[in-house]
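Analysis of the macromolecular model
The primary structure of each chain is shown beneath.
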Amino acid sequence: MAFIVKKRIHGKDYYYLQKSKRIGGKVKSICLGYLGKTRKDAEKNMKNILEKEDKKDSPKKEIVDSFQLEKKKISIEELAIFCKRKGFVYLSGEIYGGLSGFWDFGHLGTGLKNNLKDEWWKFHVVQRGDMVGIDGSIITSPEVWKASGHTDNFNDVLVICKKCKKPAKIDRHELGKVKCECGGDYDEKTAKNIQLMFETNVGDKGKAFLRPETAQLIFTNFKSVYDNTRMKLPFGIAQIGKVFRNEIAPRDFLFRSREFEQMELEYFTSENQPCPYPIPSVEILIYSAEAQNKEEEPIKMKIKDALKKGIIKKDWHAYWLATEFIWFKSLGANPENFRLRQHKKDELAHYSTDCWDLEYHFPFGWKELEGIADRGTFDLNQHEKFSKKDLRIFDEGSKQKIIPQVICEPSLGVDRAFLVFMFDSFFYDKSKENIVLKIHPKLAPVKAAVFPIVKRKDFEKISEEIVEELRQEWNINYDQSGSIGRRYARNDEIGTPFCITIDEKTLQKHDVTVRWRDTGEQVRIKIKALKESLRKAINGEEHILKLGRIVNTRKK
């Protein structure tokens, strides 16, 4: 791309036409000619020089694909550095040394996180007729946590490695069975329980807790929600919100922290109520409890086949496991990085007949991404017992009042989902030597960037009008500085899917060039159709390259 440069020499202004050209894998600026001493002369002479350049290039040119994207595997530490450098996530209070386990989301991280939550809510609540949502308080009556068992039992075991002396947390059933990552044994004699709930003051003498999960507020509000919404079984209640856990050893960036957000739903049914929905036909690695006990490898199979074979015991579990997996896939996550792992008997809660984790292959191994548990009637029974309030509802099937069971509790951490989409979108462009974040357009914090090709008032006026129009609906970047190649690279690194360039042809034909991030290909789209075209491309209704005239140019 060509652009005008003003140079001041011995107190006088001189204008030159420069052009960005890739030489040896690097973008360099080449002078095409002298344009004059005034801006007006420069713009006039620029056209003449560009016309001559076009004639030189008029013989049929082969389209060169300069895109050489490769999937880049990075560590959790490298991702943390990248997130800080680009404005996604910062260590909270870093100017004071920070506080372990607490993170602040920057301008881009906030955009991505909000988009992620919006898409979860839309998929799980808005687009379903059997789901409603609530937003519970972070601090509630301490009696809630007494009834749920958190006050007495929500603990982790603090252990010290005999070899490296580092502290760690383990579950009670792991004591004497697991080793430190250095290979050393944990000292069982010094092991002790640590309460995971944060305590806080309420008023002058009152004590309360910051909630360690969102689920209990769903249970305490269950009867009111049922009465107000007039829902019938089966139905679910969803919630997104902050939770707090006094983790012994927060680590791995956002994966294990002390303050995080959950996206969670409780799905209620009557006893033995069958799942009326078809099980989606999706294939995934399945790691059954039996295979783990026999130290066998997980097997790839369809979830509905695992149900038929009795590996997955309940049709509702098969349905929700497949549904949650589909949600990740629909937003661009790599399905090869997922598996389902069944909890072994010693991992199951006393009230649960079966529990599965949707796991993701993080750089530090296979780890839980989303838990899908069967909670039975335990929680509602406990709250009915402690509150002495009737929480039963009328069941149309049995024609009697019952305590419904929670057949499934899909519980997902927003921050872990954030990591998944960052890892799976992280690509490297070898030709330009920069990162390309191939984030799904629905999740991208910036939907489009607008560039006037040169700093000229007529170009800038159109650019600003387009930006103003698009900002009514999306977050849009307006970038005037640097070569077009540099501007593309800056937006590739933050995941901007569409770059819109206003050039000489825009003035004549009232259209713009729109570049697709993942391939560097470009189309010309009329300005009046631009907003609707972007809307279709973002929502996945139509690919952007099918919404305009393909421009035969070097991909960049």
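**Observations regarding the overall build of the protein**
- The number of helices and strands found in the protein is 16 helices and 30 strands.
- Classification of the 556 residues of the protein by burial places 51% in the buried group.
- Counting only contacts in the protein whose residues sit at least 6 apart along the sequence, the fraction spanning at least 24 positions is 64%.
- Accessible surface, the protein: about 27500 Å² in total, of which carbon and sulfur atoms supply 48%.
- The distance from the centre of the 101 positive side-chain charges to the centre of the 83 negative ones in the protein is 7 Å.

**Notes on helix H14 (residues 484-494)**
- A large share of H14 lies buried, amounting to eight of its eleven residues.
- Positioned one or two residues after H14, Gly-495 has a phi angle of 90°, which is positive.

**Some remarks on the sheet that holds strand S24 (residues 434-437)**
- Ordered in space as S4-S23-S24, the three strands form an open sheet in which the pairing is antiparallel. This sheet does not close on itself; its edge strands, each paired only once, are strand S4 (69-71) and S24. The mean angle between the axes of side-by-side strands here comes to 40°, regardless of whether they run parallel or antiparallel.
- Two elements, S4 and strand S23 (residues 426-429), share three bridges in a ladder whose sense is antiparallel. For Leu-69, the partnering residue across the bridge sits in S23 and is Asp-429.
- Helix H12 (residues 414-425) rests against S4, S23 and S24 of the sheet, and its axis sits at about 25° to S23.

**Concerning the environment of Gln-195**
- Secondary-structure assignment places Gln-195 in strand S10 (residues 192-195).
- We classify Gln-195 as partly exposed; its relative accessible area is 27%.
- Along the chain, Gln-195 and Asp-41 lie 154 residues apart, while their C-alpha atoms are 75 Å from each other.
- Leave out the neighbours within four places in its chain, and Gln-195 touches His-150, Thr-151, Phe-154, Asn-155 and Asn-246.
- Here the side chain of Gln-195 touches Thr-151 through a polar contact of 3.2 Å, landing on its backbone oxygen.

**A short note on the pairing of strand S15 (residues 283-287)**
- Bridge count between S15 and strand S16 (residues 299-302): four bridges; the pairing is antiparallel. Of the residues in S16, the one forming a bridge with Glu-283 is Lys-302.
- Looking at chain direction, S15 and strand S17 (residues 338-342) are connected through three bridges and run parallel. When the sheet's bridge partners are listed, Ile-286 is paired in S17 with Leu-340.

**Some points on the sheet that holds strand S8 (residues 155-160)**
- One open sheet accounts for three strands, arranged S9-S8-S10; its pairing is antiparallel. The two strands at the open ends of the sheet, each matched to only one other strand, are strand S9 (167-170) and S10. Across this sheet, the average inter-strand angle for adjacent strands is 40°, counted without regard to direction.

**A word on the packing of helix H3 (residues 107-126) against helix H10 (residues 315-330)**
- Direction vectors running N to C along H3 and H10 enclose 140°, while the axes themselves pass 11 Å from each other. Classified by the angle between their axes, H3 and H10 sit oblique to one another. With respect to the hand of their crossing, H3 and H10 are arranged in right-handed fashion. Here Leu-116, Glu-119, Trp-120, Phe-123 and His-124 of H3 come into contact with H10, specifically with Trp-320, Thr-323, Glu-324 and Trp-327.

**With respect to the pairing of strand S12 (residues 206-209)**
- Bridging between strand S11 (residues 199-202) and S12 involves four bridges; their strand directions are antiparallel. Following the sheet pairing, Glu-199 is matched in S12 by Phe-209.
- In this antiparallel pair of consecutive strands, S11 and S12, the connection spans three residues, and Gly-203 shows a positive phi of 70°.

**What about the pattern of salt bridges?**
- If you walk through the whole model with that rule in mind, you get 39 salt bridges.
- The partner of Glu-409 in a salt bridge is Arg-375, with the nearest N and O atoms 3.2 Å apart. Placement of Glu-409 in strand S22 (residues 405-413) and of Arg-375 in the loop between strand S19 (365-373) and helix H11 (378-387) is noted, with a sequence separation of 34 residues between them. Note on accessibility: Glu-409 and Arg-375 belong to one class, buried.
- In this structure, Asp-503 engages Arg-524 in a salt bridge whose closest nitrogen and oxygen atoms are separated by 2.8 Å. You can see Asp-503 sitting in the loop between strand S27 (498-502) and helix H15 (504-509) and its partner Arg-524 sitting in strand S29 (residues 522-526), a full 21 residues away along the chain.
- For Asp-503, a relative accessible area of 12% gives the class buried.
- Connected through salt bridges with shared partners, the residues Arg-339, Arg-341, Glu-347, Asp-357 and Glu-359 form a single ionic network.

**Quick word on the nonpolar core**
- One finds Phe-88, Ile-303, Phe-328, Phe-338, Phe-418 and Met-422 to be the most contacted residues of the largest nonpolar core, which totals 68 residues.
- Looking at this core element by element, the count peaks at nine residues for H10.
- Judged by nonpolar contacts, the second largest core, of 38 residues, contains Ile-466, Leu-470, Cys-499 and Ile-538.

Definitions and limits used
- Residues numbered from 1 in each chain as written.
- Predicted model: local features only at pLDDT ≥ 70, side-chain atom pairs only at ≥ 80, totals over all residues.
- Heavy atoms only, no water.
- Helix = DSSP H or I, 4+ residues; strand = E, 2+ residues; numbered from the N terminus.
- Buried < 20%, exposed > 50% of the residue type's maximum accessible area, 1.4 Å probe, protein only.
- Contact = heavy atoms within 4.5 Å.
- Areas by Shrake-Rupley, 256 points an atom, 1.4 Å probe, with all protein chains shown as cover.
- Lys, Arg positive; Asp, Glu negative; His and termini not counted.
- Charge placed at Lys NZ, Arg CZ, Asp CG, Glu CD.
- Pairing = 2+ DSSP bridges.
- Axes fitted to C-alpha atoms, helices over the stretch in contact; angles between N-to-C directions.
- Polar contact = N/O pair within 3.5 Å; in protein donor to acceptor, adjacent residues only side chain to side chain.
- Parallel < 35°, antiparallel > 145°, perpendicular 65-115°, else oblique.
- Left-handed = near helix turned anticlockwise from the far one by under 90°.
- Salt bridge = Lys/Arg side-chain N within 4 Å of Asp/Glu carboxyl O.
- Core = buried A, V, L, I, M, F, W, Y, C linked by side-chain atoms within 4.5 Å.

These values are about where atoms sit, not about what they do.
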